[in-house]
Amino acid sequence: MEERREGAAKFLEACSSLMTGKYNTAESGISRVLAEIAASEPLKELFSAVTKNFNYAVAKRRYLQAPAKRGERGRAYLPTDRREILAFLFCLFVEIDANTVPFDDFLLRYFYVDGSYTASYTLFADRMVRPFMEIVRDCFPPQKESDVPDAREETFGKIAELLPYERARLARFILPEDARAAADLLLAGLMAAATRRDVTDMGALLAGYRYFLRAIGGEDANSNAIFSAAAQL
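A few points on the structure. From a predicted model like this one, the values you see are computed outputs, not experimental measurements.

Of regular secondary structure, the chain possesses eleven helices and two strands. When the helices and strands of the chain are listed from N to C terminus, the series reads α-α-α-α-β-β-α-α-α-α-α-α-α. In terms of overall dimensions, the chain has a C-alpha envelope of 45 × 45 × 25 Å along the principal axes. Taken across its 233 residues, the chain has 44% of its residues classed as buried. Within the chain, residue pairs in contact and separated by at least 24 positions form 69% of the contacts whose partners lie at least 6 positions apart. Just so you have it, the chain exposes about 12,300 Å², and 50% of that area is on carbon and sulfur atoms. Taken together, the 31 basic and 33 acidic charged side chains of the chain have centroids lying 5 Å from each other.

Structure below.
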């Protein structure tokens, strides 16, 4: 049981880092996610089960639709079945890791946002990495001891869901490079703390993040929702 929880926790932390990281570190982040799967017997069993009899070639044609005309952008979709989502994304990440699918080209073809790799990567992380992480998290629920931890678990989950939108929102701000780096560091730390369910680190990081937002005039409904949720911890 302990091995099962530890492997899932390392996988979720790797996914969190991938979501909050920068696009130019995404390929190494995907490699880390796959390495955590390979290092955990329960995770290997899960992905062996979901990919058994899964036809990736057919799924790829169905869910990665090439542009109809030259100059247009392609469209990326996900299956409706959670098992197939895991199988499809796992196979896709393996191809990206092997460079069978060049990641930069893939981003701008299927997740194009104003020609920006940063914005395109944020969209990719939200649409592809987040469901991958959340479905696996649901497959390995934390040990339950009482109703209080249940409520805390729900709160941490809510914060983890809000953070990618916060990152996407900040990507639209015009900020000095040092300020953007500070924001990336804070958001990465917050996602890691949410994944670990670490109340102490969450509080310290949010105090710094609140100060940062006030300095740039960047508070809004999404950031307020994060602070409100954290106040319940």
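Here the focus is a negative patch on the surface. On the surface, Glu-27, Asp-97, Asp-104 and Asp-105 cluster together to form a negatively charged patch. Examined against the element boundaries, Asp-104 turns out to sit in helix H6 (residues 103–110).

So, on to the packing of aromatic side chains. A full pass over the atoms with the stated rule returns 18 aromatic pairs. The interplanar angle of 15° and the centroid separation of 4.9 Å between the aromatic rings of Tyr-23 and Tyr-117 together place this pair among those described as stacked. Of the two residues, Tyr-23 sits in the loop between helix H1 (2–20) and helix H2 (26–39) while Tyr-117 sits in helix H7 (residues 117–139), which places them 94 residues apart along the sequence. Judged by its relative accessible area of 26%, Tyr-117 falls in the partly exposed class. Measuring from centroid to centroid gives 5.9 Å for Tyr-121 and Phe-124, while their planes differ by 35°, and the two rings are tilted. Taken as a pair, Tyr-121 and Phe-124 lie in helix H7 at a separation of three residues, close to a single helical turn. Three or more aromatic residues joined by ring pairs form one cluster here, namely Phe-11, Phe-47, Phe-90, Phe-93, Phe-103, Phe-106, Tyr-110, Phe-111, Tyr-121, Phe-124 and Phe-132. The aromatic ring of Phe-227 is capped on one face by Arg-210, whose charged end is 4.0 Å from the ring centroid.

Another aspect to go through is the state of the cysteines. As enumerated under the stated definition, the model contains zero disulfides in all. Take Cys-15: it sits in no disulfide, and the sulfur closest to it among the cysteines is that of Cys-139, at 12 Å. Judged by relative accessible area, Cys-15 falls into the buried class, the value being 0%. The partly exposed category is assigned to Cys-139, whose relative accessible area is 30%.

The next thing to look at is helix H4 (residues 56–63). Those residues of H4 lying buried are Tyr-56, Ala-59 and Tyr-63. The buried residues of H4 occupy an angular sector of 60° when projected down its axis, which confines them to one face. In this structure, the buried residues of H4 make contact with strand E1 (64–65), strand E2 (75–76) and helix H5 (82–97). Where H4 begins, one side-chain oxygen reaches toward the backbone nitrogen of Ala-57, 3.3 Å away; that side chain belongs to Asn-55.

In this section: helix H10 (residues 199–216). End to end, H10 covers 26 Å across 18 residues, agreeing with the expected 26 Å (1.5 Å per residue, within 8%). A positive backbone phi angle near 65° is found at Gly-217, which sits one or two residues after H10.

Conventions used here
- Residues numbered from 1 in each chain as written.
- Predicted model: local features only at pLDDT ≥ 70, side-chain atom pairs only at ≥ 80, totals over all residues.
- Heavy atoms only, no water.
- Helix = DSSP H or I, 4+ residues; strand = E, 2+ residues; numbered from the N terminus.
- Buried < 20%, exposed > 50% of the residue type's maximum accessible area, 1.4 Å probe, protein only.
- Contact = heavy atoms within 4.5 Å.
- Areas by Shrake-Rupley, 256 points an atom, 1.4 Å probe, with all protein chains shown as cover.
- Lys, Arg positive; Asp, Glu negative; His and termini not counted.
- Charge placed at Lys NZ, Arg CZ, Asp CG, Glu CD.
- Patch = residues over 30% accessible without salt bridge, like charges linked within 9 Å, V, L, I, M, F, W, Y side chains within 5 Å.
- Salt bridge = Lys/Arg side-chain N within 4 Å of Asp/Glu carboxyl O.
- Phe/Tyr/Trp six-rings, centres within 6.5 Å; stacked < 30°, edge-to-face > 60°.
- Lys NZ or Arg CZ within 6 Å of the ring centre and 35° of its normal.
- Disulfide = S-S within 2.5 Å.
- Arc of directions from axis to C-beta.
- Polar contact = N/O pair within 3.5 Å; in protein donor to acceptor, adjacent residues only side chain to side chain.
- Expected span 1.5 Å × (residues − 1).

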